[in-house]
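Results of the structural survey
For reference, the chains in residue letters:
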Amino acid sequence: MEIYDSNGFLNIPEIANTEQFIKCIIGGRGIGKTYGVMDYPYKRGEKFVLLRTTQSEAEFLYNDDFNPFKSLNRDKGYDVHCERLNQYMGIFYEMVDDVKKIIGYVLSLSCVSKIRGFDASDVARIIYDEFIPESHVKKIKNSGFALLNAYETINRNRELFGQKPCELWLLSNANTVDSDILLELNILPLHDKIKNSVAMDENILLIEPCESPISYRKSQTGIYKLSRSFNSMSLDNKFVGHYDGNIKSMSLKNSALWITFNELQFYTFKDNNLVYVTMYKRKHDKPLYSYGESDYEKKKFKNECGSLFNLYLSGGMYFENTKCEALFTRIWET
């Protein structure tokens, strides 16, 4: 799959032509993520939902200066505007014979639960822009579960009647790998398998564009020469603050299952002091200590196994994959 077009921007039509109904693009700034993904349904005459995280972010788009179609209107002669429909949602529209023709909707993740009766049967795709918030933006608790509820509200029972599922496009810069949505939708294991910017399974297509022609050209401009970390996130597609030196596959030979916390398995070894964290559990293994996923058991685990976090910081713990590490660090955040 050629993910760039002849001009060096993302080749959205080719990406859209893949069979996976979840398409996640985590990549550099200015390479055509939002621009291309908004243009695609418009040209096909397909309604869409643009999803943002908070209501204030959604309402920000109602101003013509911040309308996501502003550049498309200028470049391609469109005349698409965005305005409030009611207190919970907005619309994208164009004028046809002096009548507003709705081409899409604007919703926030925080308000989807308020529009459960919304008939979205004609919506072909959900576009969740900036789904990984920047580090200075407050996160929504359990945003992954909230997104699943939002998807169910819009998708409804269409698959039960032989229709294709509503597409879900997830767009973001590489702000942080610690994303509840990446965890809940099980995208992190694909992140570890990225090859030539692409990884996929039956349902999910993950693209992390690297070596973008546009990114290279932007790297030669002024602001990107000033900050190495900003350059890495914005152009090189490296997650901010992400360390992968403790991610590796280890043999379970001479190991014993020590602790089970929900789906995480903590193994110790006879010949060293390391702890290996995996989601794989051998058939006959029985842990010395076992904790479930309830709030009580989580507090009990943190109280009784607090030394694990110190071991993690001292480099004595290795993880099977990025998802295992993210699940582990998530335990200590609350």
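Above: the structure in question.
Thresholds, definitions, all that
- Residues numbered from 1 in each chain as written.
- Predicted model: local features only at pLDDT ≥ 70, side-chain atom pairs only at ≥ 80, totals over all residues.
- Heavy atoms only, no water.
- Pairing = 2+ DSSP bridges.
- Helix = DSSP H or I, 4+ residues; strand = E, 2+ residues; numbered from the N terminus.
- Axes fitted to C-alpha atoms, helices over the stretch in contact; angles between N-to-C directions.
- Contact = heavy atoms within 4.5 Å.
- Salt bridge = Lys/Arg side-chain N within 4 Å of Asp/Glu carboxyl O.
- Buried < 20%, exposed > 50% of the residue type's maximum accessible area, 1.4 Å probe, protein only.
- Phe/Tyr/Trp six-rings, centres within 6.5 Å; stacked < 30°, edge-to-face > 60°.
- Lys NZ or Arg CZ within 6 Å of the ring centre and 35° of its normal.
- Polar contact = N/O pair within 3.5 Å; in protein donor to acceptor, adjacent residues only side chain to side chain.
- Core = buried A, V, L, I, M, F, W, Y, C linked by side-chain atoms within 4.5 Å.

The strands making up a sheet associate through hydrogen bonds between their backbones, and the pairing can be parallel or antiparallel. Read from one edge to the other, the open sheet built from 9 strands follows the order 3-4-5-2-6-7-1-9-8, with strand pairing classed as mixed. In the strand order of this sheet, the two ends are held by strand 3 (81–84) and strand 8 (198–200), each with one partner. Averaged over all pairs of adjacent strands, the angle between strand axes in this sheet comes to 20°, irrespective of strand direction. Pairing geometry for strand 8 and strand 9 (residues 204–207), over 3 bridges, is antiparallel. Residue valine 198 lies in a different strand from strand 9, and its bridge partner there is isoleucine 207. Together, strand 1 (22–26), strand 2 (47–52), strand 4 (90–96), strand 5 (99–108), strand 6 (123–129) and strand 7 (167–172) form the strand contacts of helix 2 (residues 33–44), whose direction differs from that of strand 6 by roughly 170°. Across the sheet, helix 5 (residues 143–155) is in contact with strand 2, strand 5, strand 6 and strand 7; its angle to strand 6 comes to roughly 160°.

Enumeration according to the criterion identifies 13 salt bridges in this entry. Between glutamate 130 and arginine 52 there is a salt bridge, with its nearest N and O atoms 3.1 Å apart. Note that glutamate 130 is positioned in the loop between strand 6 and helix 5 and arginine 52 in strand 2, a separation of 78 residues in sequence. The class for glutamate 130 is partly exposed, based on a relative accessible area of 40%.

Now for the sheet that holds strand 12 (residues 275–278). Across the sheet, 5 strands lie side by side as 13-10-11-12-14; this open sheet has mixed pairing. Either end of the sheet is taken by a strand with one partner, and the two such strands are strand 13 (289–291) and strand 14 (317–319). The sheet shows a mean angle of 25° between the axes of neighbouring strands, direction not considered. In this fold helix 12 (residues 322–331) packs onto strand 10 (255–261), strand 11 (264–269), strand 12 and strand 14, with an angle of close to 100° to the strand it touches most, strand 11.

With the rule as written, the count across this model stands at 20 aromatic pairs. With 5.5 Å between their ring centres and 40° between their planes, phenylalanine 48 and phenylalanine 92 make a pair best called tilted. Highlighted residues: phenylalanine 48 in strand 2 and phenylalanine 92 in strand 4, separated in sequence by 44 residues. As far as burial versus exposure is concerned, phenylalanine 48 and phenylalanine 92 are alike and both buried. On the basis of an interplanar angle of 80° and a centroid distance of 5.7 Å, the ring pair of tyrosine 312 and phenylalanine 319 is categorised as edge-to-face. Across the pair, exposure class does not vary: tyrosine 312 and phenylalanine 319 are buried alike. Feature note: the residues Phe261, Phe266, Tyr291, Phe301, Phe309, Tyr312, Phe319, Phe328 and Trp332 constitute an aromatic cluster, connected by ring pairs. For lysine 100, the ring lying beneath its charged end belongs to tyrosine 93, and the centroid distance is 4.9 Å.

Further remarks concern helix 12. Most of helix 12 is tucked away: 9 of the 10 residues are buried. Burial in helix 12 covers these residues: Thr322, Lys323, Cys324, Glu325, Ala326, Phe328, Thr329, Arg330 and Ile331. Measuring from the side-chain oxygen of the N-cap residue of helix 12 to the backbone nitrogen of lysine 323 gives 3.2 Å; that N-cap residue is asparagine 321.

Time to look at the side chain of asparagine 173. Following the sequence through the fold, asparagine 173 ends up in the loop between strand 7 and helix 6 (180–184). Asparagine 173 gets classed as buried once you look at its relative accessible area, which sits at 14%. Of the polar contacts made by the side chain of asparagine 173, one reaches the side chain of lysine 33; its length is 3.3 Å.

One finds Phe131, Leu147 and Leu170 to be the most contacted residues of the largest nonpolar core, which totals 40 residues. Tallying contributions element by element places helix 5 first for this core, with 4 residues. Not counting chain neighbours up to four residues away, the residues in contact with phenylalanine 131 comprise Cys24, Ile26, Leu170, Leu171, Ser172, Ser179, Ile181 and Leu182. Core analysis: the next-biggest nonpolar cluster, separate from the first, contains 30 residues, Tyr4, Ile12, Phe69 and Val106 among them.

Generally, phi is negative for residues other than glycine and the peptide bonds are trans, each holding for most cases. Phi is positive for asparagine 142, close to 55°, though the residue is something other than glycine. Mapped onto the secondary structure, asparagine 142 falls in the loop between strand 6 and helix 5. Backbone geometry at asparagine 254 places phi at a positive 65°, although glycine is not the residue there. In this structure, asparagine 254 sits in the loop between helix 9 (228–234) and strand 10. With a relative accessible area of 39%, asparagine 254 lands in the partly exposed category.

It is worth spelling out the environment of aspartate 64 at this point. If you trace the backbone, aspartate 64 turns up in the loop between helix 3 (55–60) and helix 4 (70–76). What makes aspartate 64 partly exposed here is its relative accessible area of 42%. Through-space distance from the C-alpha of aspartate 64 to that of valine 80 is 9.5 Å; in sequence the pair is 16 residues apart. The residues touching aspartate 64, leaving out its near neighbours within four places in the chain, are Lys70 and His81. Here histidine 81 takes part through its side chain, which lies 3.3 Å from a polar atom of the side chain of aspartate 64.

Treat this as a map of the structure, not an account of what it does.
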